[in-house]
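A look at the structure
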Amino acid sequence: MRILVCISNVPDTTTKITFNSDNTEFNSSGVQFILNPYDEVALSKAIDLCEGGKGTITVIHVGEASTEPTIRKALAIGADDAVRIDATPSDAYFVAYQIAAYAKDKNFDMILTGRESIDYNGAQVAAMLGEFLDLPSISIIKKLDLNGNKATLSREIEGGKEIVEVEGPFVASCAEGVAEWKIPNMRGIMSARTKPLEVLAAQSLETLSVVEKFETPTPRGAVKMVDAANVSQLVDLLHNEAKVI
Ligand SMILES: Cc1cc2nc3c(=O)[nH]c(=O)nc-3n(C[C@H](O)[C@H](O)[C@H](O)COP(=O)(O)OP(=O)(O)OC[C@H]3O[C@@H](n4cnc5c(N)ncnc54)[C@H](O)[C@@H]3O)c2cc1C
């Protein structure tokens, strides 16, 4: 079995988000980047499925050379080899197109992604991959079991669960719960340095997205404390100031 896991390099969750002076670019200076948490879950699931020599895992990232520590982290967790498509990704379409161009003749049995990246939160790459590769794509899965060539996937839907069965290769985006997180051990960290990391040129592609402007959310107003006995003041504030009743 051969599994391809797509990984993205995202700002650490504690990052203070700022933009350049005309608000058209994310200011990455001093920002600590990490492996997207949902991609760690996808990778952990791939490791479970391949345990005992049942398969191999390739991780793929579309990004610049500066992202290589994140790729090495995925190798330390347990991927066998890695591919970096050398480019500055411009949007999900660009990323999915590059991954599909790489994967189309490699006969992977499944392609796993995270449910979304925690920076742009597009949740688009998996669906686009399915379209580009003409494969079934199942989004936001919480469970994945394999029985021979047949995969049974479970996803949460409004008011219940949906169970999907797929035969043959497929794409799935993984949510929390699909696997226990794997923490790299010293052996993994040491071996990650020598595992193969192939760097490939990107396919040329028209850029479809243009950033006009980024905006941070408006800051929250200060908290007002109301005396528990003063219900009329509370009602007045909710009605006239917060305008929620
Ligand atoms: C307006 C805009 C500007 C951008 N500018 C930059 C930039 O300057 N520099 C930069 O590095 N990136 C930039 N990006 C790219 C961004 O970091 C993402 O790689 C890309 O847009 C996909 O993000 P998403 O939220 O749509 O992915 P989603 O669809 O939410 O991601 C789902 C999954 O797809 C996979 N995936 C996502 N991105 C990648 C990737 N790059 N490689 C491999 N797998 C991936 C992961 O498994 C992820 O969990 C930009 C994106 C946008 C929309």
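Calculation criteria
- Residues numbered from 1 in each chain as written.
- Predicted model: local features only at pLDDT ≥ 70, side-chain atom pairs only at ≥ 80, totals over all residues.
- Heavy atoms only, no water.
- Near = heavy atom within 4 Å.
- Polar contact = N/O pair within 3.5 Å; in protein donor to acceptor, adjacent residues only side chain to side chain.
- Areas by Shrake-Rupley, 256 points an atom, 1.4 Å probe, with all protein chains shown as cover.
- Nonpolar A, V, L, I, M, F, W, Y, C, P; charged D, E, K, R; others polar.
- Salt bridge = Lys/Arg side-chain N within 4 Å of Asp/Glu carboxyl O.
- Helix = DSSP H or I, 4+ residues; strand = E, 2+ residues; numbered from the N terminus.
- Buried < 20%, exposed > 50% of the residue type's maximum accessible area, 1.4 Å probe, protein only.
- Phe/Tyr/Trp six-rings, centres within 6.5 Å; stacked < 30°, edge-to-face > 60°.
- Lys NZ or Arg CZ within 6 Å of the ring centre and 35° of its normal.

This part takes up the site of the ligand. Near the ligand lie 27 residues; those nearest to it are Cys6, Asp39, Ser117, Ala123 and Gln124. Gly114 places a polar main-chain atom, nitrogen or oxygen, 3.0 Å from an oxygen atom of the ligand. Within the contact set of the ligand, an oxygen atom lies 3.2 Å away from a backbone nitrogen or oxygen of Asn121. For the ligand, whose unbound accessible area comes to 910 Å², protein coverage reaches 82%. Here the residues of the shell around the ligand are counted per class, giving 12 nonpolar, 11 polar and 4 charged.

To continue, consider the pattern of salt bridges. Summed over the entire model, instances satisfying the criterion amount to 12 salt bridges. Of the charged contacts in the structure, one is a salt bridge between Glu40 and Lys73, with a shortest N-O distance of 3.4 Å. Of this pair, Glu40 sits in helix α1 (residues 37-50) while Lys73 is found in helix α2 (residues 68-77), placing the two residues 33 residues apart along the sequence. Taking relative accessible area as the criterion, Glu40 reaches 9% and is therefore assigned buried. Owing to a relative accessible area of 35%, Lys73 belongs among the partly exposed residues under this scheme.

Another point: the packing of aromatic side chains. Taken as a whole and judged by the stated rule, the model has 5 aromatic pairs. On the numbers, 6.3 Å between centres and 35° between planes, the contact of Tyr102 with Phe108 is tilted. Residue Tyr102 shares its accessibility class with Phe108, and that shared class is buried. Every member of this aromatic cluster is reached through a ring pair, and the members are Tyr93, Tyr97 and Phe132. Arg2 extends its terminal NZ or CZ atom over the ring of Phe108, reaching a point 4.5 Å from the ring centre. Sitting above the plane of the Tyr38 ring, Arg115 keeps its charged end 5.7 Å from the centroid.

Purely geometric numbers; function is a separate question.
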